[in-house]
Structure formats: structure tokens, C-alpha cells
Amino acid sequence: MASKEAYITGVGQSEVGVRLPRHPLLLTLDAAKEAIAEAGLTFDQIDGVFSFPGKSHGYLAFSPVGTDEIIEALGIKSKWQMGGLEQPAQLSAIGMAAWAVKQGICRHVLCFRTVYEAGGMADPAQYMPARSETVSGASQWTSPFWATSAACWTAQYAARHVHKYGLTRQQLGQIAVNGSKNAMLNPRARAITKEELTLDKYMDARMISTPLCLYDCDRFSDASTVIIVSAGDALDEIKCEPIRIAAMSGSVDRYSWDQVEWPAAYDAGRDLWTRTDYTPADVDTAQFYDGFAFLPITWLEGLGFCEKGEGGQFIEGGTRIARDGQLPLNTAGGQLGAGRLHGFGFAHEAVTQLRGQAGERQIAGDPRVAVATSGGGPLAAALLLTKD
Amino acid sequence: MNPPRPRPRLDQENTAFWTGGAQGHLNIVKCGDCGQYTHPPRLICRHCQSENIAPDAVAGTGVIDTFTINHQPWAKGLEVPFVIARVALDGVAGVYLTTNIVNCPVDAVAFGDAVKVVFEEQDGVFYPLFEKVA
Ligand SMILES: [Zn+2]
């Protein structure tokens, strides 16, 4: 029954840049205005504001805008706000919004993710964490050994894949090469990708943490992405093509990357299909979190597009994941090609493709089913989006 | 000369782990009721929720479960490359340590290598690093 369903209605995105002079709150406003206009709504119809995470006071560049600030700035009367880092992963903000509208708590929820990690570098005093004398919490188990970046943590999962299943750098490189190719056709990615990455250039790149090289790591950017989630019984209020959230899943493991046997993508991936009659064979395009190039491999395997261990073969040569391939992947460029939008870019692109509004990078054949994912290590969330 | 290692803030849960090296001990929290280990250290057993737990000096040997050769200097003056590894501890089922493999060239490290703990002291904190067992 449609009234109990949740739909993505408006989607919006600010300019994506590197060291943008525009304040992150204003970037959020840009994205929100675009999403609201597309949905045909006004701000006074929004009654929920969700994000992942909320405002990060220690590391402001990572999450510079809180749900409370959006409620304040946009004059929203909100029934619910949610911005916890404790959610499964980035896209679970959209999943939780879907839950809120299905429960009848909210009618139209504004979900946003704003990042200012490139701009924050230019103004570290205001946006970056103060240098601490000591490390505590989860980082005390990694930082003392200079495993200070998620690159080092992800690298260890990737290295095991290389060792156990024979993943090659040529295979892994297809994720970055494919992302760059698609980013070249995405006007919003111009600040991030200026020329196409070749496999030769990828192979020559300097190593960060084996097997991950420079091009396996996404690039800091400044941007905001807004997704409006609406209740099925409120669709008469909107003016765009609604995209149904057909299923959602999440997984939260111990927040100790080194104590987790498999990334949470495997659990969240498996769970997604228990909540729908759709199967991987129905998916027309996949938008997989690629903060590091290895992560889409965990999603390909976790969601059952191939067997565990066979992700490398799946992307071999890059034809299967190309825009005209069997499973067009990260058609806007992903985070490797279009900037570290921190998950929300994948939902934005999935909706854009399903609506046939992706311009030059639009995939052929009237796509009807898309999957968007987010997260790495012990956190994962997935959304199945359909046009039906 | 490498910069000092980031220093853990010592508290009730973690002090035995970070200072056990003073006695040459690699301390992992063990449950007095179910006999299983909890790491990172917590105030209760993660298997049976018993509060009857205490640091236990384990063998300090293990095998390299996975590793990466890190080339990026994450801090000013940090010498690269170096190995970051996940070591599976012998006799401590399900417990892994993130650590560095030291005292050998980075390309001499392999999956499944047997390793043993060596402590590096810095201002009263004893960092458990591992070297290959000859
Ligand atoms: Zn116990």
C-alpha cells in the first residue's frame, strides 16, 4: 500500500569544489533549495531533518553543519531531528527518514550531508581538530602504530583479498579508472577530475598503504547534498517523479576495525535482499561507496553480484562496470572521481539515473532499479531504490 | 629520528595493557568465569558479561593475519616505509592487535609469519611491537 511506502522526492547538490570560499551552511542551503524546488515543496512543508552524523565539534571540517542549524536557518517546524554518528552509516540517515515517514511521524524529511574537508585545510584553526596530547577511544588501538588513517585500516582488508583471492592492482585500478571516466561527464565533478585517469598512470602512482595507491583514496571536497524523503500518502503534494525506497539495510559491528573479520558490507549486503522480492539480477545501476577503491569490491561481494573473493574478476578489464556494461558502477564518478561527498552522492546519483536526468552520463535502457551503499569497516548501510 | 608515537590516555580499562611491558607482560583481559578474552580491554567480559575479569599475561607470540606496507608519512618526520600488521595472538582466540612489525626489511614480511612481542618504551607507555621469530 503506497501510503505506507517511503519515497525520495527532491534531490539537490551544491557546487562541489576544493577550498570553496562559500560557508558550509550556505552550501547546504544551495543544495536544500535545489531539492525543495525539484520536489515542488516549500520549506514550511518539511517536518524532519536528518543527517549523518550531526555537527562534529572536534573536527568541524568533517561535519560542519548540524540538524539544529538547518531547522533554525530554514525556519522549519520539525517533528524529529536525527544526526547521530551511531547510525549504521551515512545513508542510514535516509533509511531512518524512510522509517519516520512510514511510521507517520513525518511527511517530508530533509536529509543532508555537508562536508568541508578541503576548505577546512585552508582554515585549520576554525575547522580542524586541535592537536591532542593523547589518543583515546578507538584510535588508541591504531594511532600509536601510525595506522592513523582509514587508508591503513582498509588496506589490511584489501591486502588480505590480494593474498587470499589474488586481487591484482590492475583489477583494483578499474574502480578508479571507471570513476574518473564517469566524472569527466559530470559537470559537478570538474573541480575534482580534470583529466581521465589511465590504467598506466594508476599503476605508476605512489603507494599510500599497500595495495592502495594515491588514486585508490578519495579526495577531500567541499559540498552539500540534500535528499528529501516523503511519505507515500503525501505524494500528492510533490511535483517530481518519486523514487521508492524499496528496501534498506544496515550493519554496525564493533568499532574496532582490527577486531572485525569482514567489513560490515557483507552483513548489510545480505540483509538487503531479505527485505524485498528484487534480486541482484534486477539492478540496473550500482552506486557503491568508494572512499577507498577496495570498498566497492566488498559491496559487489556482500550484495551477491559475485561470490566472496570474486570481486576482482568481476571488475577485470572494467567493461562490466562501465556505463554501457552489465552493472554500471558509480556513474557520477564516485568519490574517487567526484569528491568525498561522504555517501550522499551515491543516493543522489541513483535517483538522477532512475529519472533519466543524468545528461551525458545517463545509462541506456530506462533503468528502474538502483542500489546505493555507504560505509567501510564496521559500518555499512544500503538502499534499494526503484521506479515503480 | 621518528616523532614520538601518539600516546594513549591511560584509564581504568587500558592501563594494564599499555604498561604491562614494564614487566615484560603482554596483558589481555581474561574472564575468570568463562575463560575467554576481551580486547580492546573493557570492564566486563564481552562473552558472558561477567565482572570477574583481570589482565592476563599471554604468551606474546602470534601470526601475521594481514598487513600493509605503509608509505605515507602521516606525521612530520615519520620514516617510511614501515609495516602495519594485524597479529592474531596465540592462545587468545579472536583477539587481534594492530601493531608494527619491526627489526626486518618491509619486504621480508609475509602472511602467516610467526612473530613475538617486543616492547618499545616511551615515557612509561610500553608499545607492543612484533618481530619475526627466527
Ligand atoms: Zn566471560
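Note: the structure precedes this text.
Residues numbered from 1 in each chain as written. Chains lettered and ligands numbered in written order. Predicted model: local features only at pLDDT ≥ 70, side-chain atom pairs only at ≥ 80, totals over all residues. Heavy atoms only, no water.

A. Just the overall build of chain A, in detail. Assigned secondary structure in chain A consists of 13 helices and 12 strands. Taken over C-alpha atoms, the radius of gyration comes to 19 Å for chain A, in line with the 21 Å a tight globule of 388 residues would show. With the principal axes as the frame, chain A shows a C-alpha extent of 55 × 50 × 40 Å. For chain A, with 388 residues in total, the buried portion stands at 64%. Of the roughly 14,100 Å² of accessible surface on chain A, 51% is carried by carbon and sulfur atoms. (Helix = DSSP H or I, 4+ residues; strand = E, 2+ residues; numbered from the N terminus. Rg over C-alpha atoms; globule rule 2.2 N^0.38 Å. Buried < 20%, exposed > 50% of the residue type's maximum accessible area, 1.4 Å probe, protein only. Areas by Shrake-Rupley, 256 points an atom, 1.4 Å probe, with all protein chains shown as cover.)

B. Quick peek at the nonpolar core. The biggest cluster of nonpolar side chains holds 94 residues, and the ones touching the most others in it are I94 and V229 of chain A. Setting aside its immediate chain neighbours within four residues, V229 of chain A contacts A6, Y7, I8, I94, A97, A98, V101, R107, H108, V109, C111 and I245 of chain A. Counting 29 residues, the second-largest nonpolar core is a separate cluster that includes F17, F111, Y127 and L129 of chain B. (Core = buried A, V, L, I, M, F, W, Y, C linked by side-chain atoms within 4.5 Å. Contact = heavy atoms within 4.5 Å.)

C. Representation of the coordination of the zinc ion in the model. Residue and element names in this part refer to chain B. Every protein donor of the zinc ion is listed here as C31 (SG), C34 (SG), C45 (SG) and C48 (SG), and their distances to the metal cover 2.3 Å. Seen from the zinc ion, its 4 donor atoms lie at angles of 104 to 117°, and the figure they make is tetrahedral. Counting gaps between the donor residues of the zinc ion yields the pattern C-x2-C-x10-C-x2-C. On the criterion of sequence distance, the pair formed by C31 in strand 2 (residues 26-31) and C45 in the loop between strand 3 (37-38) and strand 4 (53-58) is long-range, its members being 14 residues apart. (Donors = N, O, S within 2.8 Å, 3.2 Å for Na, K, Ca; no water. Tetrahedral: all angles 85-135°; square planar, octahedral: opposite > 155°, others 65-115°.)

D. Fine view of the pattern of salt bridges. If you walk through the whole model with that rule in mind, you get 22 salt bridges over all chains. For R188 of chain A, the salt bridge is made with E34 of chain A, and the minimal N-O distance between the two is 2.8 Å. Note that R188 of chain A is positioned in the loop between helix 7 (169-183) and helix 8 (199-204) and E34 of chain A in helix 1 (residues 24-39), a separation of 154 residues in sequence. What makes R188 of chain A partly exposed here is its relative accessible area of 27%. Overall, E34 of chain A belongs to the partly exposed group, its relative accessible area being 32%. One salt bridge connects K116 of chain B with E131 of chain B, and the closest N-O pair in it is separated by 3.1 Å. Pair noted here: K116 of chain B is in strand 8 (residues 114-122) and E131 of chain B is in strand 9 (residues 125-132), with a separation of 15 residues, a long-range link. By relative accessible area, which is 35% here, K116 of chain B ends up partly exposed. Salt bridges sharing common partners tie together R160 and E261 of chain A together with D65 and R86 of chain B. (Salt bridge = Lys/Arg side-chain N within 4 Å of Asp/Glu carboxyl O.)

E. Just the packing of helix 9 (residues 265-272) of chain A against helix 10 (residues 295-302) of chain A, in detail. All names here are of chain A. Remark: helix 9 packs on helix 10, axes separated minimally by 8 Å, with the N-to-C direction vectors making an angle of 35°. In this structure, the crossing between helix 9 and helix 10 has a hand that is right-handed. Contacts between helix 9 and helix 10 involve A265, Y266, A268, G269 and R270 from the former and T298, W299, E301 and G302 from the latter. Among the residues forming the contact of helix 9 with helix 10, the class breakdown is 4 nonpolar, 3 polar and 2 charged. (Axes fitted to C-alpha atoms, helices over the stretch in contact; angles between N-to-C directions. Left-handed = near helix turned anticlockwise from the far one by under 90°. Nonpolar A, V, L, I, M, F, W, Y, C, P; charged D, E, K, R; others polar.)

F. Quick peek at the packing of aromatic side chains. Tallied over the entire structure, the rule returns 14 aromatic pairs over all chains. On the basis of an interplanar angle of 25° and a centroid distance of 6.2 Å, the ring pair of F145 of chain A and W18 of chain B is categorised as stacked. Of the two residues, F145 of chain A is situated in the loop between strand 5 (134-135) and helix 6 (150-165) and W18 of chain B in helix 1 (residues 15-19); the pairing between them involves two chains. Across this residue pair, the class does not change: F145 of chain A and W18 of chain B are buried. Here Y289 of chain A and F346 of chain A contribute two aromatic rings whose centre-to-centre distance is 5.9 Å and whose plane-to-plane angle is 55°, an arrangement assigned as tilted. Of the two residues, Y289 of chain A sits in the loop between strand 10 (285-287) and helix 10 while F346 of chain A sits in helix 13 (residues 344-354), which places them 57 residues apart along the sequence. One cation-aromatic arrangement involves K308 of chain A over W262 of chain A; the distance from NZ or CZ to the ring centre is 3.7 Å. Positioned above the aromatic ring of F314 of chain A is the side chain of R320 of chain A, whose terminal nitrogen or guanidinium carbon lies 4.9 Å from the ring centre. (Phe/Tyr/Trp six-rings, centres within 6.5 Å; stacked < 30°, edge-to-face > 60°. Lys NZ or Arg CZ within 6 Å of the ring centre and 35° of its normal.)

G. Structural detail: the sheet that holds strand 4 (residues 108-116) of chain A. Residue and element names in this part refer to chain A. Taken in spatial order, the 9 strands make up an open sheet running 3-2-4-8-1-9-12-11-10, and their pairing is mixed. Only two strands of the sheet have a single neighbouring strand rather than two, namely strand 3 (80-82) and strand 10. The mean angle between the axes of side-by-side strands here comes to 25°, regardless of whether they run parallel or antiparallel. Here helix 1 sits on the sheet and contacts strand 1 (6-13), strand 4 and strand 8 (222-231); the angle it forms with strand 1, its principal contact strand, is near 130°. Together, strand 2 (48-51), strand 3 and strand 4 form the strand contacts of helix 2 (residues 67-74), whose direction differs from that of strand 2 by roughly 145°. (Pairing = 2+ DSSP bridges.)

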